[in-house]
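Residues per chain, in single letters:
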Amino acid sequence: VQGTAEVAQLDIKDHFRSFKIHFPAGRTANIQIGASVAINGTCLTVTAIDGDVLSFDVMAETLRATSLGNLQLGSKVNFERSARVGDEIGGHNVSGHVHCTASIIKVEDTANNRRVSFRLSDPMFAKYVLPKGFIAVDGCSLTVGEVWDGACFSVYLIPETMRVTVFGYKGEGDTVNIEIEAQTQAIVETVERVVQQQLAKLGLAAAGGADAAGVAAAAAAAVAAASSGGAA
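Per chain, the residues get numbers from 1 upward, laid out in the order the sequence is written. Only residues with pLDDT of 70 or above have their local features reported here, since the model is predicted, and side-chain atom pairs are shown and tallied only from 80 upward, although totals for entire chains, interfaces and linings are computed over all residues. No hydrogens and no water enter the side-chain calculation; it runs on all heavy atoms of the structure.

**Student:** I'm lost on the packing of aromatic side chains in this one. Help?
**Tutor:** Two numbers describe a pair of aromatic rings. These are the distance of the centres and the angle of the planes. Two rings from Phe, Tyr or Trp (for Trp, the six-membered ring) form a pair when their centres are within 6.5 Å of each other. A pair whose planes differ by under 30 degrees is stacked, one over 60 is edge-to-face, and the rest are tilted. The tally for this structure, following the rule as stated, stands at four aromatic pairs. Their ring planes at 20° and their centres at 5.1 Å tell us that F118 and F153 sit as a pair that is stacked. Of this pair, F118 sits in strand β8 (residues 114–120) while F153 sits in strand β11 (residues 152–157), and the two are 35 residues apart along the sequence. No difference in accessibility class separates F118 from F153, as the two residues are buried. With centroids separated by 6.4 Å and ring planes inclined at 45°, the aromatic side chains of F125 and Y128 adopt a geometry described as tilted. Burial classes follow relative accessibility: with a 1.4 Å probe on protein chains only, a residue under 20% of its type's maximum area counts as buried, one over 50% as exposed, and anything between as partly exposed. Using a relative accessible area of 11% as the deciding quantity, one classes F125 as buried. Since its relative accessible area comes to 4%, Y128 is described here as buried. Aromatic ring contacts, followed pair by pair, group F23, F56 and F79 into a single cluster. Helical segments are the DSSP runs of H or I of at least four residues, strand segments are the runs of E of at least two, and each set is numbered from the N terminus.

**Student:** Explain empty space enclosed by the protein here, please?
**Tutor:** The distinction between a cavity and a pocket rests on a 1 Å grid over the protein atoms alone: a 1.4 Å probe fits inside a cavity but cannot get out, while a pocket stays open yet meets protein on both sides within 12 Å along at least five of seven lines, and a residue with an atom within 4 Å of a point counts as lining. Grid points are joined across faces, edges and corners, and a volume is the space filled by probe spheres set on the points. Scanning the model with the defined rule gives one cavity of 30 Å³ or more in all. There is about 30 Å³ of room inside the largest cavity. What lines the largest cavity is simply I104, V107, R114, V116, L157, F167 and K170. Sorting the residues of the lining of the largest cavity by element identifies β7 (100–109) and β8 as the ones contributing at least two each.

Written out as C-alpha cells, the structure is:
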C-alpha cells in the first residue's frame, strides 16, 4: 500500500457504484485512463482523471465479493498503483483479486503495537491462512499471527502501518477485503489433489470419505506452512 486516499464523490445505482477518489498531491502523476489502481486491495480501472481525483466504476460482482459497497462519502481507502519493472517489492505479490471479506472481531492495543483479529466471511478460504504465512488485508501485505476456530486469524501492526494505511481508522465491526497468497493456495490445492489421488489408489478415499479429505487437507496445510515459514 502506498498510502490512503478519500472518497470525494459517490454515485449509487442499481448494482453499480461510481467513485471519485481524491489522492494525495502528486500520487496520480503520469496516470492514464485505463490504468489499474488497487483500492482497499481491489484492482479497479481508472475511468476519468481530474488532477488528483480519479474516477472508478464498480460492478455487481465486485460489490458482492468485496467491501467497496460499504464506502461512504469521506471514507478513507488504501491505494496502490500498479508495480513497474524495477520497483522494489516490499511484501508478497498482490494481484488485487479479492477472494472474500473478513470482519474485525477484536483490536488490542499496547504501547507500540496493535493486534487485530479477523473472522473470514467464507470459511472455505481458512485452509489457505497459515501461521507466519502471507495474507493481503485491504491490499496490505501482512504476516499471519495466529489462526483459530477454523475461520479466525490475527495480524500484528507496527505504528508505521497504522499511520500510512486505513488500519489507523478501522476498528471492531468493520469489514476488510482478503486476498489469499497465490503460492500458498497453489501448494495447498496441489497437495490435497495428490494426497486424494494416492488415497484413492489405496481404496481409502471412498471408504474414508470426510476422514480422507481431512487427511489431505492436513497434509496440504503442513506443506504450505513449511514453505511459507521462511518468508515471514
